[in-house]
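Chain and residue survey
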2 protein chains.
Amino acid sequence: MKARVHVMLKNGVLDPQGEAVRHALGSLGFDGVESVRQGKVIELELAETDAAKAEESVKAMCEKLLANTVIESYAVELD
Amino acid sequence: MKARVHVMLKNGVLDPQGEAVRHALGSLGFDGVESVRQGKVIELELAETDAAKAEESVKAMCEKLLANTVIESYAVELD
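So, here's what we can say about the structure. (Residues numbered from 1 in each chain as written. Chains lettered and ligands numbered in written order. Predicted model: local features only at pLDDT ≥ 70, side-chain atom pairs only at ≥ 80, totals over all residues. Heavy atoms only, no water.)

1. Section: the sheet that holds strand S2 (residues 33-46) of chain B
Spatial ordering of the open sheet is given by S3(A)-S1(A)-S2(A)-S2(B)-S1(B)-S3(B), a layout of six strands whose pairing is antiparallel. Both edges of this open sheet fall to strand S3 (72-78) of chain A together with strand S3 (72-78) of chain B, since each of them pairs with a single strand only. Strand after strand, the sheet turns through a mean of 25° between neighbouring axes, direction not considered. Direction of pairing for strand S1 (residues 2-9) of chain B relative to S3(B): antiparallel, over a ladder of seven bridges. Opposite Val5(B), over in S3(B), you have Val76(B) as the bridge partner. The sheet contacts of helix H1 (residues 16-27) of chain A involve strand S2 (33-46) of chain A together with S2 of chain B, and relative to S2(A) the element is tilted by about 125°. Most of the contacts of helix H2 (residues 51-66) of chain B go to S3(B), to which it runs at about 155°, and overall it touches S2 of chain A together with S1, S2 and S3 of chain B. (Pairing = 2+ DSSP bridges. Helix = DSSP H or I, 4+ residues; strand = E, 2+ residues; numbered from the N terminus. Axes fitted to C-alpha atoms, helices over the stretch in contact; angles between N-to-C directions. Contact = heavy atoms within 4.5 Å.)

Okay, here's the thing in structure tokens:
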């Protein structure tokens with residue numbers, strides 16, 4: 001089954017990459033962009049077919065590797 | 001209004017970052033991960049309140065800055 005993980009910087013953590021994008025959009029003439037946050041999306045194709053087990057496994061992957069939980073939050077979606 | 005953009009490498013384009021994640025997950029003992037693709041997610045807070053105009057504007061941002069449409073595809077979601 002497929003899993004999609006979103007990893008975003010937590011609120012309150014400075015996001016220089018997002019800030020750079022916001023600034024660049026302004027320079028290109030896109031007004032009205034109030035804030036930009038940039039994160040990662042990771043799509044996994046898993047052999048596991050049981051949704052509960054897959055979710056548990058993907059959460060463990062996030063805790064151990066995919067997200068730095070000190071400054072990042074993650075969300076798991078299963079298809 | 002809020003917009004979320006997903007930018008992923010197109011199918012067929014090599015994704016060394018995703019491949020590195022897959023390999024690292026295998027090393028950590030996570031079996032059964034068949035493939036991994038990594039992309040970007042960009043969350044925008046827009047002053048625009050009209051959904052159609054906001055979508056058009058975000059698509060223009062993707063074409064001009066957020067995605068490299070030669071190798072990347074993008075998807076826009078509005079909240």
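Now that the structure has been shown, the text picks up again.
2. Brief notes about a negative patch on the surface
A contiguous patch of negative charge on the surface is contributed by Glu77(A), Asp79(A), Glu77(B) and Asp79(B). In this structure, Glu77(B) sits in strand S3. Looking at Glu77(B), the relative accessible area reads 38%, which means it is partly exposed. (Patch = residues over 30% accessible without salt bridge, like charges linked within 9 Å, V, L, I, M, F, W, Y side chains within 5 Å. Areas by Shrake-Rupley, 256 points an atom, 1.4 Å probe, with all protein chains shown as cover. Salt bridge = Lys/Arg side-chain N within 4 Å of Asp/Glu carboxyl O. Lys, Arg positive; Asp, Glu negative; His and termini not counted. Charge placed at Lys NZ, Arg CZ, Asp CG, Glu CD. Buried < 20%, exposed > 50% of the residue type's maximum accessible area, 1.4 Å probe, protein only.)

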